[in-house]
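Tertiary structure, described
Here are the chains, one letter per residue:
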Amino acid sequence: MSEEKSLNFLEEIVQEDLSTGKYQKIHTRFPPEPNGYLHIGHAKSICLNFGLADSYGGKTNLRFDDTNPVTEETEYVDSIKADVRWLGFEWDGEHYASDYFEKIYGFAVELIQKGLAYVDDSSAEEIAAGKGTPTVPGENSKFRNRSKEENLNLFEEMRAGKYRDGEKVLRAKIDMASPNMHMRDPIMYRIKHANHHRTGSTWCIYPMYDFAHGQSDSIENITHSICTLEFEVHRPLYNWYIEQLGIFPSHQYEFARLNMNYTVMSKRKLLQLVQEKYVDGWDDPRMPSLSGMRRRGYTAAAIRNFCDRIGVQRRENIIDIGLLEFCVREDLNKISDRRMAVLDPLKMVITNYPADTTEHLDSENNPEAENNGGIRKLPFSKELWIEREDFMEVPAKKWFRLAPGAMVRLKNAYIVKCDSFTKDGEGNITEIQCTYIPESRSGHDTSGINVKGTIHWVSVPTAVPAEVRLYDRLFKVEDPSAEGNFKDFINPESLEIVQKAWIEPSLANAKPGEHFQFIRKGYFTADEKLSVPGKPIFNRTVTLKDAWAKEIKKG
RNA sequence: UGCCCGAUAGUAUAAGGGUAGUACAUCAGAUUUUGGUUCUGACUGUCUUGGUUCGAAUCCAGGUCGGGCAACCA
């Protein structure tokens, strides 16, 4: 059974640290800033952090990096917690950087006392100018050599609210000539007279990311602090603070963030889509947010599996969104009951079938289900709705659906032959007339006739109308962020609302969030927000693979 | 032209000095009462130039290309 599973580089590090005894147990953390909703990129990080702890018997904290009160809100905290739980993970400790503000303040005082930090009165512009550029060394601030006492006093006054926003900052005293920009006397604290979602007006000075994140890691005894590649250049600073403070030596490791084609992943851009109403909220089913994907019908299992398949490395990557869709279909195929729904209806009349008769035919719920999905009864009658695209007046080559004179199987029912059709004044086909073969009933077929095509249908008298929303990718180009304004590349057809599709009666009671496969059309999920009892609204989660569509493309 | 990081099929990801493998995608076929599922087969790859070695995707050096870093954001 020992199938060799190759380890990713982080698993190797952890395994090494465990086997050498560097740590007895590992402790990771997932550290979102509560300034937006979680997206599929975060899922990679969540699966990584919680997965590592799961595999190696460690723990994972959920910690909100809430050091910037002006962008953070409780709404985001709540959504983040819900999304992490939905993904299937439970955190060990729920923490907030803001819980540590007093402690971090103490760390700052300690550094001042050690002569390693100073209060700078320079303006933001002056500080930026003094930093130099990547190729030109910076210059020391004229406030760099204030005495410890003066710094201590000033810093205390900052905390006490004596100064306005931007009037002063606390800076670490490191090296203005460092080739690493982050080591050129980075800002540790800034003044913000703003209401914090948790601490309210208790503080008017807030630590910067670099002076809060590593300190929080250390306070929580995080052994492996895993973040994305862009923080790599911060690592020397991360280490510097910890070393100067002599606190628990958490170690930072970086991995390449998830990128996916046909979408955008930055919180800033996603927020724009929401605020400028290109989508209907963070949980719009077209959004790559976890809440959007959930609403669309993606399952947590599919997303976890996706994160597992994409792997973890340090090289930049762009994952094909097709892989995500594959994972979604793979899971939905196993768990979704099959149902019939006609999205673009055309009436079929079976001329030789008795009127006022309804048969109830057996239909399998899900032939792929792990322990037999069972059957349901499906009403059948003289008049049916079929899919308009399943009839061609002049059949294409390799066409094996309905056409004049052609025979098809009605799924779970009879074989029918198309005898004629009717058009309206504008040349639109309004009805087709067929005859059925009584001996061909599914499961009792003695007709000996073999047909190549099988189509789905819904019986007219018992059909229930329902709204169905067809989603397509949000952007029409692979890389919307490549050049220009990403919003120019929004796919105008990313949402098509079918006001009145006909669904089989059993679908009328679909529960919000319930998944189905509409036979031959795709996987659909009852919208968890808009559905009302007895009147579900369905979201198309993902289409089925379509070999015929491919055939047409080839021409 | 400073510092840091990276480079394996179309896209991802393995191989840790010894047969370049897997998944998705693509193509071909089989099965099929979903043109779905399942199954079979095919296809295409180590950025480059040197070096070390019996042997290099792997180690070393130079180059090329790509990414990151100059927010009182995280």
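If you're wondering where the values come from, they're calculated on a predicted model, not measured in any experiment.

Take the protein's contact with RNA strand B next. Taken together, 64 residues form the shell around RNA strand B, and within it Glu12, Ile318, Arg401, Ser442 and Gln517 come nearest. Near the protein, within 4 Å, the atoms of RNA strand B are sugar or phosphate in 61% of cases. In the model, a phosphate oxygen of RNA strand B is placed 2.8 Å from a nitrogen or oxygen of the Arg190 side chain. Every element with two or more residues in the surface near RNA strand B is listed here: β6 (187–191), α11 (300–310), α12 (321–335) and α13 (547–554). Per-element accounting of the surface near RNA strand B gives the leading share, four residues, to α13. Classifying every residue of the surface near RNA strand B gives 21 nonpolar, 19 polar and 24 charged.

Every second residue of strand β5 (residues 169–172) is oriented toward a common face, with Val169 and Arg171 on one face and Leu170 and Ala172 on the other, all of them buried. When β5 meets β6, the two strands line up antiparallel, connected through three bridges. What sits directly across from Val169, in β6, is Arg190.

Our next topic: the sheet that holds strand β10 (residues 337–339). Pairing between sheet strands relies on hydrogen bonds along the backbone, with the strands arranged either parallel or antiparallel. Strand order in the open sheet formed by seven strands is β10-β23-β24-β25-β21-β22-β11, with mixed pairing between adjacent strands. What marks the edges here is a single partner per strand, and that holds for β10 and β11 (341–342). Pairing of strand β24 (residues 522–526) with strand β25 (residues 537–543), which is carried by five bridges, proceeds in the antiparallel orientation. Following the sheet pairing, Thr525 is matched in β25 by Asn539. Contacts from α12 reach β10, β23 (515–518), β24 and β25, with the element oriented near 120 degrees to β25.

Size it by volume and the largest pocket reaches roughly 1300 Å³. Around the largest pocket, the lining is made up of 42 residues, and of these Arg329, Arg540, Thr543, Leu544 and Asp546 lie nearest the centre. Looking at the lining of the largest pocket, the elements that each hand over two or more residues are α10 (290–296), α12, β21 (464–471), β25 and α13. For the lining of the largest pocket, the element with the highest residue contribution is α13, accounting for five residues. Its residues assigned to classes, the lining of the largest pocket comprises 19 nonpolar, four polar and 19 charged. Two domains each provide a minimum of three residues to the lining of the largest pocket, namely domain 2 (267–337 + 466–554) and domain 3 (345–456). Considering only enclosed or pocket space, the second largest pocket measures out at about 870 Å³ in volume. Residue lining of the second largest pocket: 30 residues in total, with His42, Glu230, Phe231, Arg257 and Lys267 positioned closest to the centre.

Here the focus is the sheet that holds strand β2 (residues 59–64). Read across the sheet, three strands follow the order β1-β2-β3 without closing on themselves; strand pairing throughout is parallel. Both edges of this open sheet fall to β1 (27–30) and β3 (94–96), since each of them pairs with a single strand only. Recorded for the sheet is a direction-independent mean angle of 35 degrees between the axes of neighbouring strands. In this structure, β1 lies alongside β2, joined through four bridges in parallel fashion. The residue of β2 that forms the bridge with Arg29 is Asn61. Relative to β1, helix α2 (residues 40–55) is tilted by about 160 degrees, and along the sheet it contacts β1 and β2. Against the sheet, helix α3 (residues 74–87) makes contact with β1, β2 and β3, and its axis sits at roughly 160 degrees relative to β2, the strand it touches most.

Turning next to α13. With a side-chain oxygen lying 3.1 Å from the backbone nitrogen of Trp548, the N-terminal cap of α13 falls on Asp546. A positive phi of about 85 degrees marks Gly555, the residue just after α13.

Now for the domain arrangement of chain A. The domains assigned to chain A are domain 1 (17–257), domain 2 (267–337 + 466–554) and domain 3 (345–456). Centre-to-centre, using C-alpha coordinates, domain 1 lies 64 Å away from domain 3.

With that settled, the discussion passes to the environment of Val408. One can find Val408 in strand β16 (residues 407–410). Using a relative accessible area of 0% as the deciding quantity, one classes Val408 as buried. When the C-alpha atoms of Val408 and Leu378 are compared, they prove to be 18 Å apart, with 30 residues separating the residues in sequence. Every residue in contact with Val408, bar those within four places of it in the chain, is listed here: Phe400, Arg401, Leu402, Tyr414, Ile415, Val416, Val451, Gly453 and Ile455.

In terms of nonpolar packing, the biggest core is built from 37 residues, with Ile40, Ile46, Val84, Leu87, Met260, Ile303 and Phe306 touching the most fellow members. Listing elements by their share of this core, those giving two or more residues are α2, β2, α3, α10, α11 and α12. In terms of residue count, α11 provides more of this core than any other element does, six residues in total. When residues no more than four places from it in sequence are discounted, the contact partners of Met260 are Ile40, Met265, Phe306, Ile318, Ile319, Ile321 and Leu324. Counting residues in hydrophobic clusters, the runner-up holds 36 residues, among them Ala172, Ile191, Ala212 and Tyr238.

Parameters and conventions
- As a convention, each chain's residues are numbered from 1 in the sequence order in which they are written.
- The naming scheme follows written order: chains are lettered A onward, ligands numbered 1 onward.
- Owing to the predicted nature of the model, reporting of local features is limited to residues with pLDDT of at least 70; listing and counting of side-chain atom pairs is limited to 80 or more, with chain, interface and lining totals taken over all residues.
- To obtain the side-chain values, all non-hydrogen atoms of the structure were included, while hydrogens and water were left out.
- Neighbouring residues are identified by heavy atoms, a residue being near a molecule or strand if any of them is within 4 Å of it.
- Any pair of N or O atoms that falls within 3.5 Å is considered a polar contact. Within protein, one atom must be able to donate a hydrogen and the other to accept it, and sequence-neighbouring residues count only if both atoms are side-chain atoms.
- Strands are runs of DSSP state E lasting at least 2 residues, helices are runs of H or I lasting at least 4, and numbering of each runs from the N terminus.
- Under this grouping Gly is polar, as are all residues other than the nonpolar Ala, Val, Leu, Ile, Met, Phe, Trp, Tyr, Cys and Pro and the charged Asp, Glu, Lys and Arg.
- Here's how the labels work: a residue is buried when its accessible area is under 20% of the maximum for its type, exposed when over 50%, partly exposed in between, all with a 1.4 Å probe on protein chains only.
- Whether two strands pair depends on DSSP finding at least two bridges between them.
- In what follows, residue pairs with any heavy atoms lying within 4.5 Å of each other are defined as contacts.
- The axes used here are C-alpha line fits, helices contributing only the stretch in contact, and every angle between their N-to-C directions lies in the interval 0 to 180 degrees.
- Here a cavity denotes grid points, spaced 1 Å and computed from the protein atoms alone, that fit a 1.4 Å probe unable to get out, and a pocket denotes an open set having protein on both sides within 12 Å along at least 5 of 7 lines; residues with an atom within 4 Å of a point are the lining.
- Grid points are joined across faces, edges and corners, and a volume is the space filled by probe spheres set on the points.
- Each domain's limits were defined by an automated method or a database of domain assignments.
- To define a nonpolar core, start from buried Ala, Val, Leu, Ile, Met, Phe, Trp, Tyr and Cys residues and group those joined through side-chain atoms within 4.5 Å.

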